[in-house]
Each structure stands twice: as structure tokens, then as C-alpha cells.
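# Understanding the architecture of this molecule
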Amino acid sequence: MKVMSKQFFQIILSVSAMAFLIACSPYQGQHKHKTRLASSDESSQLLQSDYPYSEGDDIPAIAYMHHDETYNAESVIPPQCYTKTEGVNNPCYACHQSYDRSEARPNQMGDGTLQGNYEFSDVGLRNSWKNLFVDRQALIESIPDKDIDLWVDEDNYHQALSAAVTSAQKQEYDFLEAQPLPANMRLANLGNPDIAFSKNGLATDGSFWVAYNYKPFPSTFWPTNGSFGDAMIRLPKDFRNINGKFSEAIYFLNLAAVELAMKDLESVTIYPFNEKAHGIDINGDDLLSESVNRLVKPSHYFGDAKNTSLARMLYPQGSEFLHTVRYLDENEKGDILPSKRMKEVRYMQKHLFRSRESLASAYYAEAKDKHFEQLPQTRYLGERGIDNGFGWTINAFIENKSGELRPQHEQELAYCNGCHKSVGASFDQTFSFVRKAPGIDGWGYIDLASLTDAPNINEELGEYLTYMTRVGGGDEFRQNTEMLDKWFDDDGKIKASEVANTPSLQALIVPSPERARKLNKAYFTIVQEQSYLFGRDATISTAKNVIEKIDTEQAPLLDEHQYKWDMRLDWAHQSGLNLAKEN
């Protein structure tokens, strides 16, 4: 196993190693400020430097944070919303959906019209994600493969667990300094999932986090487009205990009940459960058996949470999620897998349960603000993160220039609300859990090799095949050349048969080692710039199918290229897993 050396840190962060980055940086020009691309020894001095800007200067991202000046008041509009669709290429449907009111979903956003209309504020009409328009090829070529491999293999999450609070964190400019992770974002050995989790996904450190195997959302979270992701869930103490004592059987029974509530299913497979020992009939056969392996949807949760009723498509109060975004690592066999190094560590907690009726008021307030052309508001909670206005607290750490994890600045956190506030396709402001492989097949750390391209509910073809067909590429921007070369013919038509017969998601959406290194290097340059406010997408070259200024007279998509879609999956059609249909 490779180990990051102090010598490498000194080399990669030295002034000489950064000189080329400074010269080629898209933010370097006739500037009066000092650049942040410097050695770690100089960082504290630069942080205390003045930034005497003049109008028209190309200001770096950290200067906006330094002065608490808002760079992008519409950061909730993600980069993908500026895709050139040419009227026919539709990546928009995966987020923007309106569902029939008869379904009575708690999510009442109903933003399916955004597939056919640009409904941006005046501020949002201009694309502020300037990192999309940076050609990073020269920067990528300047970084040796061995150096980026060492960088990727370093476990910066473990460092964040053991980090001590320093006096620097008490200074005015501590937003770029590494800080220890808060208690609710800690999980021992998370950089090494084989050690961190048991086979059923339960954390081995007693933190009660449970990892689950899910199908990544198309296509930003496909490894071929830059990052590996994972996800863990944790329920409150009452959902883990019976008579005040922890019970793994009760915990996984309640996790299964949450799955039924969120996916709106009637039953799901579970690990063998002794009904006689607990005195409860969970499979609805009016008998008490010593071993049952299916849970029929109950009215209430179990154990010490027995007085809490299931709420359709809503998590119970106190539910938590931990999600890490990682680089792409290569093992000895040449397989591309999640790295030890974390790009980001993201956290959500449902601090307030809001009923469907209560949520209606939040969606109404959102619509009202938009109608009166009010810019999005984000409520900051200091060290706790931000409040999304729908009952969730969101927090996240990201790499500083030295690769250590630091709290995200409030402007960087505002970006999270773009997905986890009011998007029509989401379930209780989340995405991954309803895409979990069903029942016991979905408990355990994410494993793309165990999953195939299951279709969405009410569709026949695989989800990713359908998505690439509708988008016209392997990413929203249609510039992932490896995906285009592999899965599309010379006329730009998808090779549907080949995609449909791909044996696993690992083979379908994971890049080659060559592309993985380029993506790692591209993101590394963003880390060195600390330019997350300008975009976090690891683009290798300048985005060509992206709009810089929206023309509201041009409809984004023709009617015949707009789609109804449900992100939940029909796992009965997934080959490779022996699953029974559950709805």
C-alpha cells in the first residue's frame, strides 16, 4: 500500500512546483493581488495580505470569502443547468419533475416546466461557473503520474479524525485551515471501507453508521465524470434500541421500515428475524416464527421507536446521512476504485420533522420568492453548516490547498442547496437512499461491480441506457470523449445493445486508468486554486456545450424531448442479483 510522504507534500506544495500552475492559471494576469498558489509555509502570510482590487480585475475565489462578498447569489443553480441542449439533448429531466397531485407526494416542487423553460433570475442568466471554461490540459500534463497517485492514496480523512485544534483556527481567516471533523461526521477507518464496515454495512467502530449499496445518480456521480461517491445512514437512538439496549436486529428492522416508507413499497427482504423472541408478527401471516426474512410495511417503527409512525416518503426526525466524494484510485489489478483521499465529506441531519402539509408551506414560500424575483436565501448556522428550510441541516468539509479537510465556507455550502432544497425529483430532499438496492442486497459498502443497469419504475430499458440516449452523451455536457468513443457510433447514435449487455455498472460508468488520472489531476488544480466557488467539476478541457449567457427567448427543449421520470428503480429487471419484485 502506498503511503504519502512528508517529502511529497513539500515537493507538491513548494513554490517551484507551483510556478507552472501560477503561470498557467486562468486567474493569473495583470492582477494586483498575491496569488494563493504558493507554498504551505507562505500560506499564513498570504491569508493576511490585503487584496487591493480594481474594477475589472479577475478576483480569485478565496478573496470573495476573505471579504465575505457574495460571488454567486444563484449558486443553487448547478453548472449542469447551463448545458446547451440544442433543443433535443435532455439531461434536465433527471432533476426537474412534476408529479400528478393524486400521488400526494411530500415533494410538491413541481418543477418539470424547467425542462421547457428557462426560469432564471436576472442574476442566474449569466453562468458564474467559470471553471467550466478553463482548459486544464497543460496543467494536467505538468503533474507526474506518480505524484498524483501518491496524493490520491493518502488518507486525509484519518488525519481529520486525529487533527488537533490549533491557534490558527481562532484567527480571522481560519476558513482555509484544516480543522477536526465534528463528532457527528466521524467514522473510524472510513478511508478503508473493508475495515470500517461489516458485511451488512454496519460500522465496526460503534458509531451506528450503516453503509448501503446504491445506483449512482446520473451522471454527475458517475466515476467516469470525476468522482466516486458513497453513502451511509444512521437512525436515532430509539430506532436502534429496545428497552434502552442496542439491538442489531431491531436496528435493521427499522432501517427496512425506512426503506419501505421512502420507496413506498409494501414489503422488503430482511435479515432473518425471530418473531417469537420479540413477540411481533412482521410478515403479516398472523404467526410467530423463529426466522422470517420479509418485512411487510408496518404502521409504526419497532423497539423504543414503537410510538413513531411511518410517514410516506419522509424520514423520521433525527435521521442522518454521511456522504464522501473521492478521487479515482487504481489497484494492482488495474481496477478503478474509490480512493482513500476524500475530496469532500458531506453530512445531513433531519433536525425537524415536517409533515406533508407543513412542507407545502415551505414550497409555497419558495415559489412566492421566485415569483417576486427574490434571490435564494440560505440560513447559516455557524459550525453546524446551513439550514435548507425543509427540516435538514447540511454541513460539509472540503480539501484545503495542502489536501487537509477544512470546513466549507458559507458560500461554498450554499451550493449544496442546489440539490438538497427544492428539486422536483428528490425524495425528502435526498437522492441516494431511494436508489439503494432493495432489501438485504442493498446493505453494505457501495459496490458497482454487483449492480447492473436496472430500469426506472414505469420504464423498460436500463436507466443509464435511457439517460445516455436522451442526453446524447455520457455526461450532461456531452464532452466525455471516452464514453462517446466507447458507447456511441461515428454518427453519434448510442450502441444500445452493447450498453444493455454490459455486465455491471463498474464496466459501464468507470473510466480507464488514463482518464482517471487526468480527472484526478484536473481536480487537484482546483484544490490548489481553492476555486470551488467557480465550480467543482473536474473538466479536462474547456466545456463546449455550455451556455455562458442564457437567452430566454430560446426554449431549452422541444416538447417531444421532455420526459416524465421517477428516480426509483425497478430492481426486478436487474440481472446479476437474484431479486424478487417488491411492489
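It should be emphasised that the depicted structure is a prediction, and the values quoted were computed from it without experimental measurement. (Residues numbered from 1 in each chain as written. Predicted model: local features only at pLDDT ≥ 70, side-chain atom pairs only at ≥ 80, totals over all residues. Heavy atoms only, no water.)

### Things to note about the environment of Gln 115
Of note, Gln 115 is situated in the loop between helix H4 (61-66) and helix H5 (137-141). C-alpha of Gln 115 to C-alpha of Gln 97: the two residues are 18 residues apart in sequence and 8.4 Å apart in space. Leave out the neighbours within four places in its chain, and Gln 115 touches Asn 90, Cys 92, Tyr 93, His 96, Gln 97, Pro 556, Leu 557, Gln 562 and Tyr 563. (Helix = DSSP H or I, 4+ residues; strand = E, 2+ residues; numbered from the N terminus. Contact = heavy atoms within 4.5 Å.)

### Quick look at unusual backbone geometry
For the peptide bond that leads from Pro 218 to Ser 219, omega is -20 degrees, which places it in the cis range. Within the secondary structure, Ser 219 sits in the loop between strand E1 (210-211) and strand E2 (228-234). Unlike most non-glycine residues, Asp 286 shows phi in positive territory, near 65 degrees. In this structure, Asp 286 sits in the loop between helix H10 (275-278) and strand E6 (292-296). You can call Asp 286 exposed: its relative accessible area is 70%. With a phi angle near 55 degrees, Gln 530 is a residue other than glycine that sits in the positive phi range. (Buried < 20%, exposed > 50% of the residue type's maximum accessible area, 1.4 Å probe, protein only.)

### Remarks on the environment of Thr 378
Looking at the secondary structure, you find Thr 378 in the loop between helix H11 (356-371) and strand E9 (379-380). Linking Thr 378 and Asn 417, residues 39 residues apart in sequence, is a C-alpha distance of 8.0 Å. Setting aside anything within four residues of it in sequence, one finds Thr 378 in contact with Ile 386, Ala 414 and Asn 417.

### Overview of the packing of aromatic side chains
Overall, the coordinates contain 32 aromatic pairs when judged by the stated rule. Residues Phe 239 and Tyr 301 carry aromatic rings whose centres are separated by 5.0 Å and whose planes lie at 70 degrees to one another, so their mutual orientation is edge-to-face. Of this pair, Phe 239 sits in the loop between E2 and strand E3 (241-242) while Tyr 301 sits in the loop between E6 and strand E7 (320-330), and the two are 62 residues apart along the sequence. A relative accessible area of 3% means that Tyr 301 is categorised as buried. In this arrangement the basic side chain of Arg 105 is found over the ring face of Tyr 99, its NZ or CZ atom lying 3.6 Å from the centre. (Phe/Tyr/Trp six-rings, centres within 6.5 Å; stacked < 30°, edge-to-face > 60°. Lys NZ or Arg CZ within 6 Å of the ring centre and 35° of its normal.)

### Remarks on a negative patch on the surface
There is a patch of like negative charges on the surface, built from Asp 485, Asp 489, Asp 490 and Asp 491. Secondary-structure assignment places Asp 490 in the loop between helix H15 (481-487) and helix H16 (496-500). (Patch = residues over 30% accessible without salt bridge, like charges linked within 9 Å, V, L, I, M, F, W, Y side chains within 5 Å. Areas by Shrake-Rupley, 256 points an atom, 1.4 Å probe, with all protein chains shown as cover. Salt bridge = Lys/Arg side-chain N within 4 Å of Asp/Glu carboxyl O. Lys, Arg positive; Asp, Glu negative; His and termini not counted. Charge placed at Lys NZ, Arg CZ, Asp CG, Glu CD.)

### Points about the confidence of the model for the chain
Residues shown with low pLDDT carry predicted positions that ought not to be read at fine detail. Of the residues in the chain, 86% have a pLDDT of 70 or more, and the chain-wide mean is 88. Looking over the chain, one finds the lowest element-wise mean pLDDT in helix H3 (residues 43-47), namely 34, and the highest in E1, namely 99. For the stretch residues 1-53, pLDDT sits under 50, and the model shows 104 contacts to residues farther than four places along the chain or on other chains. The low-confidence segment residues 165-173 (pLDDT under 50) makes twelve contacts with residues lying over four places distant or belonging to another chain. (pLDDT = per-residue confidence, 0-100.)

### Considering the packing of helix H6 (residues 145-153) against helix H18 (residues 513-529)
Close contact between H6 and H18 brings their axes to 10 Å; oriented N to C, the two are set at 75 degrees. In this view, H6 runs roughly perpendicular relative to H18, as classed from their interaxial angle. Between H6, through Asp 145, Ile 148, Asp 149, Trp 151 and Val 152, and H18, the contact on the second element is made entirely by Arg 517, Asn 520, Lys 521, Phe 524, Val 527 and Gln 528. Within the contact of H6 with H18, the residues separate by chemical class into five nonpolar, two polar and four charged. (Axes fitted to C-alpha atoms, helices over the stretch in contact; angles between N-to-C directions. Parallel < 35°, antiparallel > 145°, perpendicular 65-115°, else oblique. Nonpolar A, V, L, I, M, F, W, Y, C, P; charged D, E, K, R; others polar.)

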